[in-house]
Each structure stands twice: as C-alpha cells, then as structure tokens.
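Below are the chains, spelled out letter by letter.
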Amino acid sequence: MRVSAVPVGAPAAPLLLLLCLLLPAASCPSSCLCASDIISCSGRGLSSPPADLPSYASRLDLGHNALRGLSASWLPEPFRRLASLVLCKNAISQIQAGAFALTPHLLSLDLSSNHLTSLNTSVFAGLTELEELLLIGNRIAGIGPGSFSDLIGLRRLYLSSNRLTDFPIEIYEGPSGPRNLTHLDLSFNRLSTVPVQTVMSLSLRGGVYLQENPLLCDCALLALLQYWMWKQYRPLVDFREGYPCRGADSFNCTHVGVSDMPLHVQTYHADPGGRIRVPCPGLTLLDWEESLVFWVTPKTALTSSGSDLTSRLAVLPNGTLEIRGALPGDSGTYGCAVARERYLKPGETLEARVLVGNSSTSSTTGPARRSSTEHFNTAFTTLASCVVSIALVLLYLYLTPCRGREGRSKDGTGCSGRVMALCSDPREVESGQRRSNGKRVAFLEPPAEELCRTMNSGGGILRSETRTA
C-alpha cells in the first residue's frame, strides 16, 4: 500500500516559515530583549557585555548595568550596522584603545553617568562618523590634546556636570577634530573664566552652554552676556538664572560709556582693495587703555586687547574696526560688544553693515548717503525717458504714412480737412482688393505745407481715391 506524502508535507511549509521568522530571535542573548534590529540589555546587572550579541543590531542599549570598562575585544565581531550605542549609568572608568574599532559607522555614543576622569587620544579613535557624544555626569577633569582628533563629523558634544576647570579650547584649535560642532554643553562644571573672544566666535556656529559655572565677573564677560542678551541667544535666554554675572554692580566698567544718541544701523561702503573704518555704535571711551571692545564679524570675533594692528581686520585702541584691502567677502553685518553703562533701549542696535563694491558711493569711508545731485540725475533721467516714450508714440500715431479719406472744414479753408488714419489690418486691405475685383490706386496727399499753399491759392484739395480699372 502506498502512503501519500501530501498530508505530511502540508503542515510542513507553515512550520518552516515560522522557524525562519524565529531565527533572529533565537540568536538574542538570554539577558537581552531583541526587537527587529534593536537590542536592549538595559538594567540586567551585567558586569561585562554579553558574548553572543548579534551583529545585525543598529541600536544597542547596555545602560543601567555594572560595566567597569571596555576592552578592545568586548565585541565578538564587527558591528557594521550599529548606529547608536548606549552605555550610560554604568561604572566605566577605563576604555582601552581600539574599543570602538568594530563600530566604524557609529553615529551616537552615550557614556553619561560613568566614572571617567580624563580623556586621551585613544578613547574615540576611529569614530570618524560620530555625530553625537554624551559624557554628562562623569568625573572628567582634563581633556588631553587630540582626544577628539578623529571625531571630524561630531556635531553635538555634552560635557555637562563634570569637573572641568579650563575651557576645552583644544577641541577647536587642533589640526584635526570637529569642524561642524554646533552644540557644546559645558554647564555645571568648575569654570571660573572663559576665553570670551573664542566663545564669541563659537557662538556664531551654534549653541555654547555655560550656565551654572562659578564664572568670575569682569568687563569682558559682561560684554559677552550683554551681547548675547541683545541677540536673544537661546543658551543664555533659556538659562539666564544660571549665570551669576548679570550686571555691573560688583565691578567697575565706568571707563566705557554710551552716548545718549539713539543707536541705529549705519551702512559703510568701501571699494575692493580699499580701507574702511567702522566705529562701535554709540561708544564713548573715557579711558582707551582700560577698554576692551569686541567685534563679531560674519566669520569670527576680534578684540582690541592685543589686536594685531597689521592684520587685514583689526580693532583699533579706540574700539573702531578697521578693514584693509577690503574684499567682497567682507560684506555683511558686524556687531560691537562692550560692557556698557546702560542697557540698550528697544529698537537700538549694536551692529553696522559693511558693503564692499557694487555702489557708486563706495569710495567714501563714512555712512553711505546719496547726494542730492545723484537723486536729481536719477529723476531727470526717468522723466526724460517718459517724454521720449510719449513722443515716439505720438509720432507713430500721427505720422504713419497710411491716409484716410479727407475731410473739409466748414469754411473750406485751412488744413483741418486733412484726415489721418491709423494703419489698417493688411488682411482687411487684401479682402477689400478681392472684393473690388480690380486694382487699387492710392493718390497720396502732398506735405502739409504744400497742401496749405494749394488751399490758400484756391486750388482745392487733392483727393485720395480708389478707382476700379
């Protein structure tokens, strides 16, 4: 007796399909939860990462565990799809060189709330695509040179709630490292001073957060905070209560004054290659030697303290910005920041506009004003153009050599009997010719002067007729 294989094979197909669907879940570590390409091993009390982590993960969460360090071999194989790695709320105090060599496409790394005390050049080696780095709530007191040299794609860096006493200027001044950093959080550290000129330059790129630091108030810091407040700079406006330096009551900046004249935007012109001087709006310096004036250009910030007066852009001792060898790229809005005796009134400004080239008055070195002669010339040219246009229209209407039938004045004399007609449509002329079934002969009138002489002499009017041959 033959046994058919059909009944046995019928339920086998769904079973194989179910088995295929369960294969990724079967490779998930027992201490983790896996959903698609997300692996979560959070809050499992792990002292070391699981050895059987699946490499297909795009997000791996090992936060809220008891990890004490990351070795160079903590991952079993390359995780080429891993974009987000969460290691927060552990006890990580050491990260070996090459710990992230197997995650070359990592975009976000969270090392918040660990025990890191310093950063060196080997910590983040190879993370050239990293865009976000969170180091909040560690014990970082120092950042070694080149620690961020490989992080050329970094955009957001969080160093809040650490033990930094110096502003990490090496992040920007190194030969390599972040080039498009738009968010730097240094709040809740131990910074007493900051390089105001550098911070002003950085604020042109994005947000620099400095709240809840024991900053020592001086005229330079007050100039920075006043300028930020006038610009409604979000990192200051949103956390204004976290800045201890909010006024000039505890220190003396009386050597800098502001005139009582309203501060309005002025525009300054220069020819390419020329020189231009832009005074700080409303500034009256009572003591030039003690003054500290900052100019925020479209690309960077300059200061009068130690300014190189031989450079192309420099701030003179009296607070005036001087541009030598002006280039079209120098055009833009320039802001003057200085600790002032009074706050700005509504509508007042700290900025001036600079225009290089593209102006008939660019040779001046003061505010650009059009002269009355220039306005007159422009108006006269416009009026003359209108008159010429009207004259051409009249000439077209009344001197076109297309004649109509003559008319005669009541008294039979005078030139009013000469009638002018606009040019007719050529198609009408052709249709008229066809209807006449003959030839069309036109007798043109003589010039007006000859016509008048003929009429006055009794010769009558030369008529224009159409005859049929």
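Residues numbered from 1 in each chain as written. Predicted model: local features only at pLDDT ≥ 70, side-chain atom pairs only at ≥ 80, totals over all residues. Heavy atoms only, no water.

Focus: the overall build of the chain
Of the regular secondary structure elements, the chain holds 9 helices and 23 strands. Within the chain, the fraction of its 469 residues that count as buried is 38%. Considering only contacts within the chain whose residues lie at least 6 apart along the sequence, 60% involve residues at least 24 apart. (Helix = DSSP H or I, 4+ residues; strand = E, 2+ residues; numbered from the N terminus. Buried < 20%, exposed > 50% of the residue type's maximum accessible area, 1.4 Å probe, protein only. Contact = heavy atoms within 4.5 Å.)

A few points about the sheet that holds strand β15 (residues 267–270)
Where strands meet in a sheet, backbone hydrogen bonds hold them as pairs that are either parallel or antiparallel. Ordered in space as β15-β23-β22-β18-β19, the 5 strands form an open sheet in which the pairing is mixed. A strand with exactly one partner marks an edge of an open sheet, and here the two such strands are β15 and β19 (301–303). Averaged over all pairs of adjacent strands, the angle between strand axes in this sheet comes to 25°, irrespective of strand direction. Looking at chain direction, strand β18 (residues 294–296) and strand β22 (residues 332–337) are connected through 3 bridges and run antiparallel. In the sheet register, Phe294 faces β22, and the bridge partner there is Ala337. On the sheet, helix α4 (residues 196–203) packs against β18, β19 and β22 and is oriented at approximately 160° with respect to β19. Where helix α5 (residues 219–230) meets the sheet, its contacts fall on β18, β22 and β23 (351–356), and the angle it forms with β22 comes to roughly 135°. (Pairing = 2+ DSSP bridges. Axes fitted to C-alpha atoms, helices over the stretch in contact; angles between N-to-C directions.)

With respect to the packing of α4 against α5
One way to put it is that α4 packs onto α5 with a least axis distance of 10 Å and a crossing angle of 15°. With respect to α5, the axis of α4 lies roughly parallel. As α4 runs across α5, the sense of the crossing is right-handed. The residues of α5 that touch α4, namely those facing Val196, Val199, Met200 and Ser203, are Ala220, Leu221, Ala223, Leu224 and Trp228. Taken together, the residues that form the contact of α4 with α5 break down as 8 nonpolar, 1 polar and no charged. (Parallel < 35°, antiparallel > 145°, perpendicular 65-115°, else oblique. Left-handed = near helix turned anticlockwise from the far one by under 90°. Nonpolar A, V, L, I, M, F, W, Y, C, P; charged D, E, K, R; others polar.)

Brief notes about a nonpolar patch on the surface
The grouping of Val388, Ile390, Leu392, Val393, Leu394, Leu395, Tyr396, Leu397, Tyr398 and Leu399 at the surface amounts to a nonpolar patch, some 1000 Å² of accessible area in total. Structurally, the position occupied by Tyr398 is in helix α7 (residues 372–398). (Patch = residues over 30% accessible without salt bridge, like charges linked within 9 Å, V, L, I, M, F, W, Y side chains within 5 Å. Areas by Shrake-Rupley, 256 points an atom, 1.4 Å probe, with all protein chains shown as cover. Salt bridge = Lys/Arg side-chain N within 4 Å of Asp/Glu carboxyl O.)

Some remarks on the sheet that holds strand β9 (residues 132–134)
Sheet architecture is open: 9 strands sit in the order β1-β2-β3-β5-β7-β9-β11-β12-β13, paired in mixed fashion. The open sheet has two edge strands, β1 (33–35) and β13 (207–209), and neither has a second partner. Within the sheet, the average angular offset between the axes of one strand and its neighbour, ignoring direction, is 5°. When strand β2 (residues 38–40) meets strand β3 (residues 59–61), the two strands line up parallel, connected through 3 bridges. Of the residues in β3, the one forming a bridge with Ser40 is Asp61.

Concerning the environment of Gly142
Looking at where Gly142 falls in the secondary structure, it is placed in strand β10 (residues 142–143). Looking at Gly142, the relative accessible area reads 27%, which means it is partly exposed. Linking Gly142 and Asp166, residues 24 residues apart in sequence, is a C-alpha distance of 8.1 Å. Look past the residues within four positions of Gly142 in its chain and what remains in contact with it is Thr117, Ser118, Leu119 and Leu164.

Describing unusual backbone geometry
Residues other than glycine seldom take positive phi values, yet Ser36 does so here, at roughly 55°. Take Ser36: it is sitting in the loop between β1 and β2.

Overview of the pattern of salt bridges
Side chains bearing opposite charge may pair, as long as their charged atoms lie close to each other. Counted according to the given criterion, the structure contains 7 salt bridges. Asp238 is paired through a salt bridge with Arg234; the nearest N and O atoms lie 2.5 Å apart. Overall, Arg234 belongs to the partly exposed group, its relative accessible area being 46%. In this structure, Asp330 engages Arg312 in a salt bridge whose closest nitrogen and oxygen atoms are separated by 2.6 Å. Within this pair, whereas Asp330 is found in the loop between β21 (321–323) and β22, its partner Arg312 is found in the loop between β19 and β20 (313–315), the two being separated by 18 residues in sequence. Taken together, the salt bridges that share partners define one network made up of Arg275, Arg277, Glu322 and Arg324.

Focus: the nonpolar core
Judged by nonpolar contacts, the single largest core of 70 residues is most densely connected at Leu109 and Phe124. Those elements that place two or more of their residues in this core are α3 (170–173), α4, α5 and β18. The dominant element in this core, judged by the number of residues it contributes, is α5, at 7 residues. Beyond its immediate sequence surroundings of up to four residues, Phe124 is in contact with Phe100, Leu109, Leu111, Leu119, Leu133, Leu135, Ser147, Phe148, Asp150 and Leu151. (Core = buried A, V, L, I, M, F, W, Y, C linked by side-chain atoms within 4.5 Å.)

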